[in-house]
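# Geometric and topological summary
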Amino acid sequence: METSVIENKKNITQKIKFDFKESNYATGRRKKSIARVWIKKGSGKIHVNGKEMDKYFKRPVHQLIVRRPLQETNVINQFDVSCHVKGGGLSGQAGAIIHGLSRALVKADSNLKKILKKNKFTTRDSRKVERKKYGHRKARRSFQFSKR
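These lines cover the structure that appears in this document, whether it is placed above or below. (Residues numbered from 1 in each chain as written. Predicted model: local features only at pLDDT ≥ 70, side-chain atom pairs only at ≥ 80, totals over all residues. Heavy atoms only, no water.)

## Concerning the pairing of strand E2 (residues 33-41)
- Pairing of strand E1 (residues 24-30) with E2 involves seven bridges; the strand directions are antiparallel. Paired with Tyr-25 across the two strands is Trp-38, which belongs to E2.
- Between E1 and E2, which follow one another and run antiparallel, lie two residues, and Lys-31 among them has a positive phi close to 50 degrees.
- As paired strands, E2 and strand E5 (residues 79-86) are joined by eight bridges and run antiparallel to one another. Directly across from Val-37, in E5, lies its bridge partner Cys-83. (Pairing = 2+ DSSP bridges. Helix = DSSP H or I, 4+ residues; strand = E, 2+ residues; numbered from the N terminus.)

And the structure:
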């Protein structure tokens, strides 16, 4: 019985490989995350780091964020997406995928650029975490003041 559990775990962790020849590639960035995104004509499947998007991003908010460029341009069932993301947390990774996906969509069809640019998907969000300063508890928060 224990061996079957181990076998099941091995099957779960297997990464899926896809043939993305003749596809469009773009890189997206957000905070500390970097996403490499490939799109090609297909049925609307999205894979992140070899897993289905629903299994990689458990929170529905992140799933909605990743699908937004496809929904805004009404091409959600026309492209298959494969991405490799590294660095940062899940929110940063979802933002990096949006950036890369929208840039790849523009490469695939230049008519979509106007819609994506209007919704600010093609612009890199340059906000990063501010560094901690000495004499402070955080970047701007001071220590609690004590009069005596």
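## Examining unusual backbone geometry
- Positive phi, normally seen in glycine, also occurs at Asn-49, with a value near 50 degrees.
- The phi torsion at Asn-74 lies on the positive side, around 60 degrees, for a residue other than glycine.
- Along the chain, Asn-74 turns up in the loop between helix H3 (60-72) and E5.

## Considering the packing of aromatic side chains
- Inspection of every chain in the model, using the stated rule, returns two aromatic pairs.
- Ring centres of Tyr-25 and Trp-38 lie 5.1 Å apart, and the angle between their planes is 45 degrees; this geometry places the pair in the tilted category. Here Tyr-25, found in strand E1, pairs with Trp-38, found in strand E2; they are 13 residues apart in sequence, far enough to count as distant.
- Under the relative-accessibility criterion, Tyr-25 is labelled partly exposed at 34%. (Phe/Tyr/Trp six-rings, centres within 6.5 Å; stacked < 30°, edge-to-face > 60°. Buried < 20%, exposed > 50% of the residue type's maximum accessible area, 1.4 Å probe, protein only.)

## Notes on the sheet that holds strand E4 (residues 51-52)
- Taken in spatial order, the five strands line up as E1-E2-E5-E3-E4 in an open sheet, and their pairing is mixed. With one partner strand each, in any of the chains shown, E1 and E4 form the two edges of the open sheet.
- Helix H4 (residues 90-108) rests against E1, E2, strand E3 (46-48) and E5 of the sheet, and its axis sits at about 145 degrees to E1. (Contact = heavy atoms within 4.5 Å. Axes fitted to C-alpha atoms, helices over the stretch in contact; angles between N-to-C directions.)

In short, shape yes, function no, at least from these values alone.
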